[in-house]
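# A look at the structure
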Amino acid sequence: MKRRVVITGLGAVTPLGVRAASLHARWAAGTCGIVDGVGACSDFEPKDFLSIKEVRRLDRFSQLALVASEEALGEAGWADGLPYDPLRIGCIIATGIGGIETVENQHDVMRDKGAKMVSPLGIPQYMPNAAAAAVSMKHGLQGQMYGIVSACASGAHAVGSALRMIQYGDADAVVVGGAEATLTVFGFACFNSMQALSPTGISRPFDLRRDGFVMGEGAGVLVLEEAEAAAARGAAVLGEVAGYGSTSDAHHLTAPEPTGGPASRAIELALADAGVTPDGVDYVNAHGTSTQLNDAAETKALKRALGPDAKRIPISSTKSAIGHLLGAAGAVESVATVQTLAARLIPPTLGYEVPDPELDLDYVPGRARELALDNGRPPVAISNSFAFGGHNVSLVFKGARA
Amino acid sequence: MSTITSEQVEARVVEALASFGPDAAAITREATFEELDIDSLDLVELAQIVEDEYGVVLKGEDMKELKTVGDAIDLITSRAA
């Protein structure tokens, strides 16, 4: 029998605030963190949370991860010491891009002052594993530690990999998450030239008028523990990572496979891994980017994987409230999904007003909705992440019993 | 070119080191880099600042010998003379 993996701590820095609690509470209240077409963490001033040395030595994506990790470890009750052998605690922090701001700044230095003046901190700041390294060093985590890179599925791959790490017995706990900070001149230029960003600056997933994604930044971190070990130390359990499935499109560099076939297979694999059938699913936290292609392909994938239940299950997109956090998205949305199950309150897809006749599922328009349960079982949710490159990841979460 | 005094170098070195993280009050001539939590990456940055400011090139082997803030100030002052 597989080892079960529970969630004991959550942390997030998002455009809705510095603290995980603000993510679900404000989103459910209908607040959108996107300002002028950008999902910036405008409340996050690094020196308010980190030492001078940490601020100077870390790119913004790692700074965001570090602050989110402190919150998650605090909630897990780890602040005064690690509950397990440090060599048995893993750390995976994903990112889609890494320290792009550092690359841009150091490239300017090289151009203006010459190669000799490029900072020795350039590489350790921008390497995509820098956030994982920073979190591991800060908290003394000495088990397996690495970054994961799969564009906008990175954060979800991280959670899935952490689940397997504990299930397989390679670790008893993993601090896992994702972080991204690409709101830079070059970042906008690249995504703009792909015509991926919304020209109107509005994130309204599944709406007929959707015209691209809104770029955001932030980090999400979860503390995962092997269930029996968590119970033995009397930890408060927030939920369970119950299933993970992942496939690839092998289709196109940026466009999703239009039938949703490989994506639906990822959902099916995650449900089977969790031992859940579609009739036991209470909520879907969609990838829902607000691009024409993603939202259409995701809808098809959900219908293929969930069958007739697809029409019954409420589906909402966190990106309607904070934009697209790229490599952090899967982790932040995992946090939001666990919160949704814990609060039994499904936040809406903000901005969804004009239905697309092709997309005929329940995208939770307007306002938050109570998560109704019929038989006292723990609530179950799916969180999807898809990415440039053709990555498909689906995670299944179970809420803690009331 | 006017002569660079040890006091001028000291002021610049202390300012640079303080920007790296340690408490400015702790940065005395006698303080060791180890005590100040200044590592090899920081010292490379210090060397870049010194080269930019005084045209003094400090190589890796020069930096390895430095134990205290005073060692760095004396080396830079002697090279800049």
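Note that the coordinates shown come from a computational prediction; the quantities given were computed from them, not determined experimentally.

Time to look at the overall build of chain B. Within chain B, the secondary structure is distributed over 4 helices and 0 strands. For a compact globule of 81 residues, the expected C-alpha radius of gyration is about 12 Å, and chain B comes in at 12 Å, within 12% of that figure. Its C-alpha atoms put chain B at 35 × 25 × 20 Å along the principal axes. Among the 81 residues that make up chain B, the fraction classed as buried is 27%. The contacts in chain B between residues at least 6 apart in sequence include a share of 55% that link residues at least 24 apart.

What follows covers the overall build of chain A. Along the backbone of chain A there are 14 helices and 13 strands. Taking 21 Å as the expected radius of gyration for a compact globule of 402 residues, we find that chain A reaches 20 Å, a close match to that expectation. Counting only C-alpha atoms and orienting by the principal axes, one finds that chain A spans roughly 65 × 50 × 40 Å. Within chain A, the proportion of its 402 residues that are buried is 57%. For chain A, the proportion of contacts with a sequence separation of at least 24, taken over those separated by at least 6, is 81%.

It is worth spelling out the interface of chain B and chain A at this point. The partner chain A presents 8 residues to the 7 residues of chain B that form the contact. Taken together, the residues of the side of chain B that touches chain A break down into 3 nonpolar, 2 polar and 2 charged.

Here we take up helix H7 (residues 130-139) of chain A. Residue and element names in this part refer to chain A. Along H7, 7 of the 10 residues are buried, which leaves the element largely enclosed by surrounding structure. All of the buried residues along H7 are Ala130, Ala131, Ala132, Ala134, Val135, Ser136 and His139. Among the structural elements, helix H4 (60-75), strand E3 (89-94), helix H6 (122-126), strand E4 (145-146) and strand E5 (173-180) are those in contact with the buried residues of H7. Looking one or two places after H7, you find Gly140, whose phi comes out positive at around 75°.

Attention shifts here to the environment of Asp249 of chain A. Residue and element names in this part refer to chain A. Relative to the helices and strands, Asp249 resides in the loop between strand E7 (239-248) and helix H11 (261-274). Judged by the 21 C-beta atoms lying within 10 Å of it, Asp249 falls in the buried class. Placed 45 residues apart in sequence, Asp249 and Asn294 show a C-alpha to C-alpha distance of 13 Å. Discounting residues that sit within four places of it in the chain, Asp249 has contacts with Pro256, Glu257, Pro262, Gly390 and Asn392.

Right, let's talk about the confidence of the model for chain B for a bit. Residue and element names in this part refer to chain B. Mean pLDDT over chain B stands at 91; residues scoring 70 or higher make up 98%. For chain B, per-element mean pLDDT is lowest for helix H3 (residues 60-64), which scores 84, and highest for helix H1 (residues 6-19), which scores 94. With a pTM of 0.96, the predicted complex shows an ipTM of 0.88.

Thresholds, definitions, all that
- Residues numbered from 1 in each chain as written.
- Chains lettered and ligands numbered in written order.
- Predicted model: local features only at pLDDT ≥ 70, side-chain atom pairs only at ≥ 80, totals over all residues.
- Helix = DSSP H or I, 4+ residues; strand = E, 2+ residues; numbered from the N terminus.
- Rg over C-alpha atoms; globule rule 2.2 N^0.38 Å.
- Buried ≥ 20, exposed ≤ 12 C-beta atoms within 10 Å, placed from the backbone.
- Contact = placed C-beta atoms within 7 Å.
- Nonpolar A, V, L, I, M, F, W, Y, C, P; charged D, E, K, R; others polar.
- pLDDT = per-residue confidence, 0-100.

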